[in-house]
Amino acid sequence: MKYNFDQIIDRSGTGCVKWDENPPTAPSLHSPTPVVPLWVADMDFAVAPAIQEAVRCRAMHPIFGYTHVDDDYYEAIIAWFRRRHQWTIRREEILYTTGVVPAMSVALKALTMPGEKVLMLSPDYNCFFSSIRNNGCEVAECILLGKHDPSTLATHFEVDWPAFEALCADEKCTVFLLCNPHNPTGRVWTAGELQRMNNICMKHGVKVVSDEIHCELIMPGHRFQPFAAVSEDCRQNSVILNSPSKAFNIAGLQIANIVCARPDWRRRVDRAININEVCDVNPFGPVALKAAYNESEDWLDDLNEYLWGNYCALCDFAAKHLPQWHVCALEGTYLPWVDITATGLSSQDYANQLLEQTGVWVNPGTMYGRHSGEGYIRLNIACPRSLLMEALGRIAKG
């Protein structure tokens, strides 16, 4: 492995949400200090050297004014997705903005009317709920089905297809908001599953908005399938949201893209970008994106290998020392979904107890669905392995 992901980097005092934000409850006098944050989804690894250098070079110029996005920006995106994911994107299909959550709000504003329903696979990323409601729409949850895989002894999640179609058939349902790969269950949807989703959606006149921010974080044996590259029908019935921010740990630089093949939808999305006033990006986001996509692929490959090692270490430790944990299968993301129903505690109570008694901060599953997330917690394993093992050791002792 070329890059050192074992390096401990002190992020405290940098205005970092993960390390500088106060936890929701104060740890007790009996908990170890400091708090180990395994909650919000960013990584404790140094950014790829090419990105550091690109940002450093741009920072050497003493003026940081309004930013023009150049031809090289679009070419970097097109080349990356063609090379890595066999997805051909046309330049005119790309609209840039400040982040995937603003992009999600923009897409919903463009494609829905207040009072309509937006379908999602629950449990789901917590911002899906707020973005839907902030746009005046109702949430329609299709609860994923947990399936036990006897070959791996792990649970993975599948779509409840009859429930999915019944929700699409509701005349008030106009958009399906998809998380691909799925946060928090870690599923990497197959081409067959994505095509089946789209077939049902098109049958009932439902548009697809696919959040693909985790698309580069894929574990061994799995392959990310862009929704728009499954078929021409999928391409024409979708708006895709993506960004290098998760995979390359550059969320603070605020850059994302919306890819939309249909000109009529794209005009509406472009208008919504301006209505929401998220049309201007900062000087560092575009240069970081180009350095990520043009020069940092080997760093990403090493990262995924390291994350898989962390996941294996988590599973091994839990099997030996945390018998009340059932770690679900992780196909993508760096956010394992852990079944803690054997503890007899609610997700919120268990997360609170971990924080108060051990100083380990995790997210309760109910953040991702009040009912569908009950009995689970979500962990962030994108940290040096020694820090992850310290946190797990604290939990085992606590």
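Since the structure is predicted, the reported quantities are computational estimates derived from the model, not experimental observations.

Undergrad: Can you break down the sheet that holds strand E8 (residues 207–211) residue by residue, with the values?
TA: With mixed pairing, seven strands are arranged side by side in an open sheet as E2-E10-E9-E8-E7-E3-E4. At either end of the open sheet lies a strand with only one pairing partner, and these are strand E2 (94–97) and strand E4 (138–143). Pairs of neighbouring strands in the sheet enclose a mean axial angle of 25 degrees, with direction left out of account. Sheet analysis places E8 next to strand E9 (residues 238–242), joined by four bridges and oriented parallel. Its bridge partner being in E9, Val 208 is matched across the sheet by Ser 238. Where helix H10 (residues 263–275) meets the sheet, it contacts E2, E8, E9 and strand E10 (256–260), and its direction lies at approximately 15 degrees from that of E2.

Undergrad: Can you break down helix H5 (residues 126–134) residue by residue, with the values?
TA: Taken as a whole, H5 has its buried residues at Cys 127, Phe 128, Phe 129, Ser 131 and Ile 132. Looking at the buried residues of H5, the elements they touch are helix H4 (100–111), strand E3 (117–122), E4, strand E7 (173–179) and E8. One or two positions beyond H5, positive phi appears at Gly 136, with a value near 80 degrees.

Undergrad: I'd love a proper account of the nonpolar core, names of residues and values included.
TA: By size, the foremost hydrophobic cluster in this structure holds 101 residues, and its most contacted members are Leu 121, Phe 164, Phe 176, Met 197, Phe 248 and Trp 325. Considering each element in turn, this core owes the most residues, nine residues, to helix H12 (residues 297–321). Residues Leu 95, Val 100, Val 106 and Ile 213 belong to the second largest nonpolar core, which totals 32 residues.

Undergrad: Break down the sheet that holds strand E14 (residues 363–364) for me, citing the residues and quoting the values.
TA: Read from one edge of the open sheet, four strands run E11-E12-E15-E14, paired in antiparallel fashion. Two strands in the sheet have a free side with no partner beyond their single neighbour: strand E11 (326–327) and E14. Two elements, strand E12 (residues 337–339) and strand E15 (residues 376–378), share three bridges in a ladder whose sense is antiparallel. Bridge pairing in E15 places Val 338 opposite Ile 377. Docked against the sheet, helix H13 (residues 347–358) engages E14 and E15, running at close to 50 degrees with respect to E15.

Undergrad: Lay out the packing of aromatic side chains in plain terms, naming residues and giving numbers.
TA: Under the counting rule described, the total for this entry stands at 21 aromatic pairs. Measuring from ring centre to ring centre gives 5.4 Å for Phe 81 and Trp 87, while their planes differ by 75 degrees; the resulting arrangement is edge-to-face. An angle of 75 degrees between the planes, with centres 5.9 Å apart, marks the rings of Trp 161 and Phe 164 as edge-to-face. Residue Trp 161 and its partner Phe 164 are both found in helix H6 (residues 161–169); the two are separated by three residues, about one turn of the helix. With respect to class, Trp 161 is no different from Phe 164; both count as buried. Following the ring pairs from residue to residue traces out a cluster consisting of Phe 5, Phe 45, Trp 80, Phe 81, Trp 87, Phe 248, Tyr 293, Trp 299 and Tyr 306. One residue, Arg 385, lies across the ring of Tyr 306, its end atom 4.4 Å from the ring centre.

Undergrad: Outline the environment of Glu 171, listing residues and values.
TA: Tracing the backbone through its elements, the reader meets Glu 171 in the loop between H6 and E7. A sequence separation of 34 residues divides Glu 171 from Gly 205, and the C-alpha atoms of the two residues are 8.8 Å apart.

What counts and what doesn't
Residues numbered from 1 in each chain as written. Predicted model: local features only at pLDDT ≥ 70, side-chain atom pairs only at ≥ 80, totals over all residues. Heavy atoms only, no water. Pairing = 2+ DSSP bridges. Helix = DSSP H or I, 4+ residues; strand = E, 2+ residues; numbered from the N terminus. Axes fitted to C-alpha atoms, helices over the stretch in contact; angles between N-to-C directions. Contact = heavy atoms within 4.5 Å. Buried < 20%, exposed > 50% of the residue type's maximum accessible area, 1.4 Å probe, protein only. Core = buried A, V, L, I, M, F, W, Y, C linked by side-chain atoms within 4.5 Å. Phe/Tyr/Trp six-rings, centres within 6.5 Å; stacked < 30°, edge-to-face > 60°. Lys NZ or Arg CZ within 6 Å of the ring centre and 35° of its normal.

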